[in-house]
Amino acid sequence: MGVQQRSVVKVLLLSIITFGLYWLYVTHKYHTEFAEEPELDPGFSPVIRTVLLFIPLVNFYSLWLFYQDVETLTGESAVKYFVLSFFFIGYYMAIGALNSHAT
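Each chain has its residues counted from 1, running along the sequence as written. This being a predicted model, a pLDDT of at least 70 is required before a residue's local features are given, and a value of 80 or more before pairs of side-chain atoms are given or counted; all residues contribute to the totals for chains, interfaces and linings. With hydrogens and water stripped out, all remaining heavy atoms of the structure feed into the side-chain values.

Turning next to the overall build of the protein. Along its length, the protein carries six helices and zero strands. When its helices and strands are written in sequence order, the protein yields α-α-α-α-α-α. Relative to the 2.2 N^0.38 estimate, which gives 13 Å for 103 residues, the radius of gyration of the protein is 13 Å and therefore close to what a compact globule would have. On the principal axes, the C-alpha backbone points of the protein span a range of 35 × 30 × 25 Å. Counting all 103 residues of the protein, 41% fall into the buried class. Here, two residues are considered to be in contact whenever any of their heavy atoms come within 4.5 Å of each other. Relative to all contacts within the protein whose residues are 6 or more apart in sequence, the contacts with residues 24 or more apart total 59%. Per element, the accessible surface of the protein, about 5,900 Å² overall, is 70% carbon and sulfur. Positive charges are assigned to Lys and Arg, negative charges to Asp and Glu, while His and the chain termini are left out of the count. A charge is said to be at NZ when it belongs to Lys, at CZ for Arg, at CG for Asp and at CD for Glu. In the protein, 5 side chains carry a positive charge and 8 a negative one; their mean positions are 10 Å apart. Secondary structure is summarised from DSSP: a helix means a run of H or I of at least four residues, a strand means a run of E of at least two, and numbering begins at the N terminus for each. Two things to know: the radius of gyration comes from C-alpha atoms, and the globule rule equals 2.2 Å times the number of residues to the power 0.38. Summary of the burial criterion: residues with accessible area below 20% of their type's maximum are buried, those above 50% are exposed, and those between are partly exposed, where the area comes from a 1.4 Å probe applied to protein chains only. Surface accessibility follows the Shrake-Rupley procedure with a 1.4 Å probe radius. Residue values consider only the protein chains on display as shielding.

Put into structure tokens, the structure is as follows:
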């Protein structure tokens, strides 16, 4: 139980090498771990949140939910990560913040 610590560099490099497939895998793993966190809303499906990433415009909502969960766990601003995602660094900064919460 809990969020697993992951290397930001490893996630970034493997995401590039696999053309984003590793990013989807890690994001799904985070959604699964978030579903087990007692501080977060237990009423969501990790599979549905991951599938939402494939739907244009709805994927922004799915990312927003991801960053809200990160904010709940770490206290870091969801808005900051969401805005920085448009510059491709918000997600990796959120992983760094989650590492401080990792077990």
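Turning next to a nonpolar patch on the surface. On the surface, Leu-57, Phe-60, Val-79, Val-83, Phe-86, Phe-87, Ile-89 and Met-93 cluster together into a nonpolar patch covering about 780 Å² of accessible area. Along the chain, Val-79 falls in helix α5 (residues 78–85). Residues enter a patch when their relative accessible area is above 30% and they make no salt bridge; the linking distance is 9 Å between like charges and 5 Å between nonpolar side chains (Val, Leu, Ile, Met, Phe, Trp, Tyr). Should a side-chain nitrogen of Lys or Arg be within 4 Å of a carboxyl oxygen of Asp or Glu, the pair is scored as a salt bridge.

Although it is not a glycine, Phe-19 adopts a positive phi angle of roughly 55°. Here Phe-19 shows up in the loop between α1 (8–17) and α2 (21–36). Even without being a glycine, Leu-57 presents a positive backbone phi close to 70°. Looking at where Leu-57 falls in the secondary structure, it is placed in the loop between α3 (46–52) and α4 (58–74). Looking at Leu-57, the relative accessible area reads 65%, which means it is exposed.

What follows concerns helix α6 (residues 90–101). Between its terminal C-alpha atoms α6 stretches 17 Å, which fits the 16 Å expected from twelve residues at 1.5 Å a residue. Listed in full, the buried residues belonging to α6 are Gly-90, Tyr-91, Tyr-92, Ala-94, Ile-95, Ala-97, Leu-98 and Asn-99. Contacts made by the buried residues of α6 are with α1, α2, α4 and α5. Helix span, as expected, comes to 1.5 Å for every residue beyond the first.

In contact at an axis separation of 13 Å, α2 and α6 are set at 40° when each is read in the N-to-C sense. By the criterion of interaxial angle, the relationship of α2 to α6 is oblique. In the packing of α2 onto α6, the handedness of the crossing is left-handed. Between α2 and α6, the contacting residues are Trp-23, Val-26, Thr-27, Tyr-30 and Phe-34 on the first element and Tyr-91, Tyr-92, Ile-95 and Leu-98 on the second. Broken down by class, the residue content of the contact of α2 with α6 amounts to eight nonpolar, one polar and no charged. Orientation is described by lines fitted to C-alpha atoms, with helices fitted over the stretch in contact, and by angles between N-to-C directions that extend from 0 to 180 degrees. Roughly parallel here means an angle under 35 degrees, roughly antiparallel means over 145, roughly perpendicular means 65 to 115, and every remaining angle is called oblique. Crossing handedness follows the turn of the near helix against the far one: under a right angle anticlockwise gives a left-handed crossing, and clockwise gives a right-handed one. Put simply, Ala, Val, Leu, Ile, Met, Phe, Trp, Tyr, Cys and Pro go in the nonpolar bin, Asp, Glu, Lys and Arg in the charged bin, and everything else, Gly too, in the polar bin.

It is at 9 Å that the axes of α1 and α6 come closest, and there the two elements cross at 150°. The two elements α1 and α6 meet at a crossing, and its hand is right-handed. Across the interface between the two elements, Val-8, Val-11, Leu-12 and Ser-15 from α1 touch Tyr-91, Tyr-92, Ile-95, Gly-96 and Asn-99 from α6. The residue makeup of the contact of α1 with α6, split by class, is six nonpolar, three polar and no charged.

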